[in-house]
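These are the residues of each chain, in order.
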Amino acid sequence: MNRRSFLKQSCFSCANLVALGVLPALLEGCIALPTINFQQAKNILEIDKQQFVNPKTKVKSNVLLLRPTWMNYDILLVHNEQEKTYTALYMKCSHEDYRLTPTENGIFCSAHGSAFDLQGNVKKSPALQALKTFPTQIINDTIYVQLKS
Amino acid sequence: MQQKFLFCLVFFFLSSLFLKAQVLTKEDSLNAGLIAKDATTVLSGYGEIKYMYNVHAEQGTINITRNILFLGHKFNNTFSLFSETELENAKVAGGQFGGELSLEQLFIKSNLTRDMYLVTGLFIPRIGIINENHLPTTFYGNDRPFVEQLVIPTTWRELGVGLFGQMSNVPGLNYYIGLTNGLKASNFNYSTGIKDGRQEGSIANANNLALSTAVLYYIKNFRFQASGYYGGTSGLRKKTADSLGLESGLFALPLALVEANVQYQNNGISFKALACIVQYSKAQQLNQAYGKNTSSQLFGAYAEIAYNVLQLYPATSQALSLFVRYEQLNLQNQLPNNALKDDLYKQQYFVAGISYQPIKAIVFKLDYVLRNTGNYNPALHIFNPYEYNDPVFVNNHFVNLGLAYSF
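Residues numbered from 1 in each chain as written. Chains lettered and ligands numbered in written order. Predicted model: local features only at pLDDT ≥ 70, side-chain atom pairs only at ≥ 80, totals over all residues. Heavy atoms only, no water.

## With respect to the overall build of chain A
Phase 1 of the analysis: Tallying secondary structure elements over chain A gives one helix and twelve strands in all.
Phase 2 of the analysis: Overall, chain A shows an N-to-C arrangement of helices and strands of α-β-β-β-β-β-β-β-β-β-β-β-β.
Phase 3 of the analysis: Within chain A, buried positions represent 42% of all 149 residues.
Phase 4 of the analysis: Look at the contacts in chain A between residues 6 or more apart in sequence, and 45% of them connect residues 24 or more apart. (Helix = DSSP H or I, 4+ residues; strand = E, 2+ residues; numbered from the N terminus. Buried < 20%, exposed > 50% of the residue type's maximum accessible area, 1.4 Å probe, protein only. Contact = heavy atoms within 4.5 Å.)

Now the structure itself:
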C-alpha cells in the first residue's frame, strides 16, 4: 500500500469512527448551561432552586450560570448535592483575569490552560490562587448570593 | 547633646516618612483605595534555570534559560494592556554569542461581549499546547516538548489581530481566529524548520498575511483542540519577486500547518498527545531562488503521561510527578527535487523524569533525555574536531536538572 492510499484509508476510518461513536458522546455535553440574566444592579441575587432545571431539556444541572449585567464576569452557582450547599464562584481567572469557561465538570481558562474544580480550587496551574467566591444563604427554596458584604 | 539627639530622631522619622511616600507604588495606592478601582496594574513573571549534562560530549552546561517580566494594565472594563519582556540566557552582550532580549507579547485586549474579546498587537496564536501555555511550571521536563520547539516554533508570536471567544450555548467550546503578518521565507533554515521565519514584531515584513484558527473543547476531564495556519511567506514586492522567479502577493508561497491535540487530567493522572504537519508546497521555488535546502513537509507528534504521586495524600498541596514522553519528528518529511536529504533531522526522543513542586509556583525538575537521530549528510556538515560534535552520535543522552518559577 503506498503512502497516499494509506493516508486516505486512515483518514476515512477515523472519520467513520468519529461519526459513529465518538461524536455523539462528545455532543452529549453540547447543551447550554441553565443561565439567568440579571439586568438591574443589586447587592443580593435571589435564585429559585427550580432554575437549576434546564428549561429546554428539563434535566437538572449541578451548575447555574448567573449573568449580572453590571458586573464584568459571570458567577457560577454550584450545587453540592452531598453537602447540600451552594458555592458562588466568580468566573475571573486568578492568573491573568481572563473570563473562564464553565462546564458541569470543571472550570477552565482557555487562554493559559488553568483549570479549577467546582469548588474553585486550582486543579492545574498557571493559576496559583483559588477563585473568588461570594457568600450564599438558603432560605426555603431560594438561594441568596451576596455580592457585597 | 540631648537636643541634637532629638533633632536627629525627628529628622530620621520625617525622612523615613518622605522615603515611604517616594516608594508608594500605584498598586499600593490602589490597595489603599486612593485611586479608582477600574484601573489596575499587575506585575508578574516566570523563569527557568537549567543544568544539562551531555553524556557523549562529556560536557555540562548551566544557564538561566529565560526570565520573563509580565506587566499588565487594566485601563477600564473594556481595555487592558498585556506585555511580556523576555531575557534569554541571562545577558545580552554586543557582538558575542549569548542571550536575547525580546518582547514576547504586547497587545491590547478589548472585551467585545461577555464571551468574546479581541487582541491587537504582538500576540501568540492558538497553535499547539505549549505556544499559549508555556509557563515552565505547567509542563514536565526541563525542555519544552521538542516537537513544539522544532515543528511548531514556540513561542510563536506575530503582529496582528485575534478574536477569541466561547460559545455560551455549547459549554466548553472555545474558538479563535487571527490575522497576522506571515513568515519570512528568506530566513528559513532547514535545520530549524520554520522557526527562523518568525518575525516576532521586529521590523516585520508586512507584504504577506497569515490566517490562523482554532477550536478548543472541554468535556469531562478532556481538552480537545485543533488548529490551522495558512500564510504567505514571500513578503517581496512584485519587482523583486519577479527577478527571483518567485510569487508575490498577500498569500504568495503559502505555508500551511495543521495541528490537533488532546489532554486529559484526573486523579493525579495527566496525559497529552499532539500531532502536527507543516506543508510547504513551494519549497522548490524557494530553494531555487535563495540556494536553500528547505523541505516541503515537516511532521511531528508526541505523547506524554504523568502521575502525581502525592495525589495519594490529599492533605498536601505539594506535587511530586513522574512522567514519560515519546516524541517523533522529521523536519524533512518530504523534500522537493532540489533539496538534499539529511536524516540528522529525523529524530526520536524519549524523555523521563520527575518534577517536585513544594508550592504551585515553584518546581524542581530532573529528567533524562535519549535522542535518536538518523545519520547526518556529510555533504551538509563539516565537523572539526569530529569526535566532539553532537550530530556525530546517532544516539545521545542528556541529564537535566532545573528550577522554574512563576508568580
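## Quick look at the sheet that holds strand 9 (residues 122–124) of chain A
Residue and element names in this part refer to chain A.
Phase 1 of the analysis: What the four strands build is an open sheet, ordered 6-7-8-9; its pairing is antiparallel. Of all strands in the sheet, those with a lone pairing partner are strand 6 (101–102) and strand 9, marking the two edges.
Phase 2 of the analysis: With two bridges joining them, strand 8 (residues 115–116) and strand 9 adopt antiparallel strand pairing. Looking at strand 9, one finds that Phe116 is bridged to Val122. (Pairing = 2+ DSSP bridges.)

## Here's the deal with the state of the cysteines
Phase 1 of the analysis: In total, this model carries zero disulfides over all chains according to the counting rule given.
Phase 2 of the analysis: Cys109(A) takes part in no disulfide bond, and the closest cysteine sulfur to it belongs to Cys93(A), at a distance of 4.1 Å. (Disulfide = S-S within 2.5 Å.)

## Concerning the interface of chain A and chain B
Phase 1 of the analysis: Facing 37 residues of chain A, the contacting portion of chain B comprises 38 residues.
Phase 2 of the analysis: Here chain A meets chain B over a buried area of about 3,200 Å², counting both sides, of which 48% is carbon and sulfur.
Phase 3 of the analysis: Applying the counting criterion to the chain A and chain B interface returns two salt bridges.
Phase 4 of the analysis: Note that Asp115(B) is salt-bridged to Arg67(A), the shortest N-O span being 2.8 Å. (Buried area = accessible area lost by both parts, 1.4 Å probe. Salt bridge = Lys/Arg side-chain N within 4 Å of Asp/Glu carboxyl O.)

## Details of the packing of aromatic side chains
Any two aromatic rings considered together are summarised by their centre-to-centre distance and by the angle between their planes.
Phase 1 of the analysis: Evaluation of the coordinates by the stated rule reveals 21 aromatic pairs over all chains.
Phase 2 of the analysis: Here the aromatic rings of Tyr405(B) and Phe407(B) are separated by 6.2 Å at their centres, their planes lie at 15°, and the arrangement is stacked.
Phase 3 of the analysis: Through a chain of ring-to-ring contacts, the aromatic side chains of Tyr98(A), Phe70(B), Phe82(B), Phe107(B), Tyr117(B), Phe123(B), Phe164(B) and Tyr176(B) assemble into a single cluster.
Phase 4 of the analysis: Directly above the aromatic system of Tyr98(A) lies the positively charged group of Lys109(B), at a separation of 4.6 Å from the ring centroid. (Phe/Tyr/Trp six-rings, centres within 6.5 Å; stacked < 30°, edge-to-face > 60°. Lys NZ or Arg CZ within 6 Å of the ring centre and 35° of its normal.)

## Looking at the sheet that holds strand 12 (residues 142–146) of chain A
All names here are of chain A.
Phase 1 of the analysis: Read across the sheet, three strands follow the order 2-12-11 without closing on themselves; strand pairing throughout is antiparallel. In this open sheet, the two edge strands, each paired with only one partner strand, are strand 2 (44–48) and strand 11 (136–139). On average, each strand axis in the sheet is tilted by 25° relative to the strand beside it, whichever way the strands run.
Phase 2 of the analysis: For strand 2 and strand 12, the ladder comprises five bridges, and the chain directions are antiparallel. (Axes fitted to C-alpha atoms, helices over the stretch in contact; angles between N-to-C directions.)

## Observations regarding the side chain of Asn174(B)
Phase 1 of the analysis: Locating Asn174(B) in the fold gives a position in strand 7 (residues 173–181).
Phase 2 of the analysis: Here the side chain of Asn174(B) touches Gly172(B) through a polar contact of 3.4 Å, landing on its backbone oxygen.
Phase 3 of the analysis: Every residue in contact with Asn174(B), bar those within four places of it in the chain, is listed here: Thr101(A), Ser110(A), Arg126(B), Gly165(B), Gln166(B), Ala214(B), Val215(B), Leu216(B) and Tyr218(B). (Polar contact = N/O pair within 3.5 Å; in protein donor to acceptor, adjacent residues only side chain to side chain.)

## Points about the nonpolar core
Phase 1 of the analysis: Core analysis: the biggest nonpolar cluster contains 45 residues, and Val151(B), Phe188(B), Tyr229(B), Leu255(B), Val278(B), Tyr280(B) and Leu329(B) have the highest contact counts within it.
Phase 2 of the analysis: At the level of secondary structure, the elements contributing two or more residues to this core comprise helix 3 (147–150), strand 10 (255–266), strand 11 (269–279), helix 5 (283–290), strand 12 (297–308), strand 13 (319–334) and strand 14 (346–359) of chain B.
Phase 3 of the analysis: Core analysis: the second largest hydrophobic core is formed by 27 residues, Leu76(A), Val78(A), Leu118(A) and Val119(B) among them. (Core = buried A, V, L, I, M, F, W, Y, C linked by side-chain atoms within 4.5 Å.)

## Points about the pairing of strand 2 (residues 59–74) of chain B
All names here are of chain B.
Phase 1 of the analysis: As judged from the 15 bridges shared by strand 1 (residues 40–54) and strand 2, these two strands associate in the antiparallel manner. Residue pairing across strands places Tyr46 opposite Ile68, the latter belonging to strand 2.
Phase 2 of the analysis: Taking the residues that link successive antiparallel strands as the turn, the strand 1-strand 2 hairpin has four residues, and the phi of Glu58 there is positive, at about 55°.
Phase 3 of the analysis: Of the strand pairs in this sheet, strand 2 and strand 3 (residues 79–88) are connected by nine bridges, and their pairing is antiparallel. Bridge pairing in strand 3 links Leu71 to Ser83.
Phase 4 of the analysis: The hairpin turn running from strand 2 into strand 3, its antiparallel successor, is four residues long.

## Brief notes about the environment of Lys272(B)
Residue and element names in this part refer to chain B.
Phase 1 of the analysis: Tracing the sequence through the fold places Lys272 in strand 11.
Phase 2 of the analysis: Expressed as a C-alpha distance, the spacing of Lys272 and Glu304, which sit 32 residues apart in the sequence, is 5.3 Å.
Phase 3 of the analysis: Contacts of Lys272, omitting those with residues within four sequence positions, involve Ile129, Ile130, Phe139, Val262, Gln263, Tyr302, Ala303 and Glu304.

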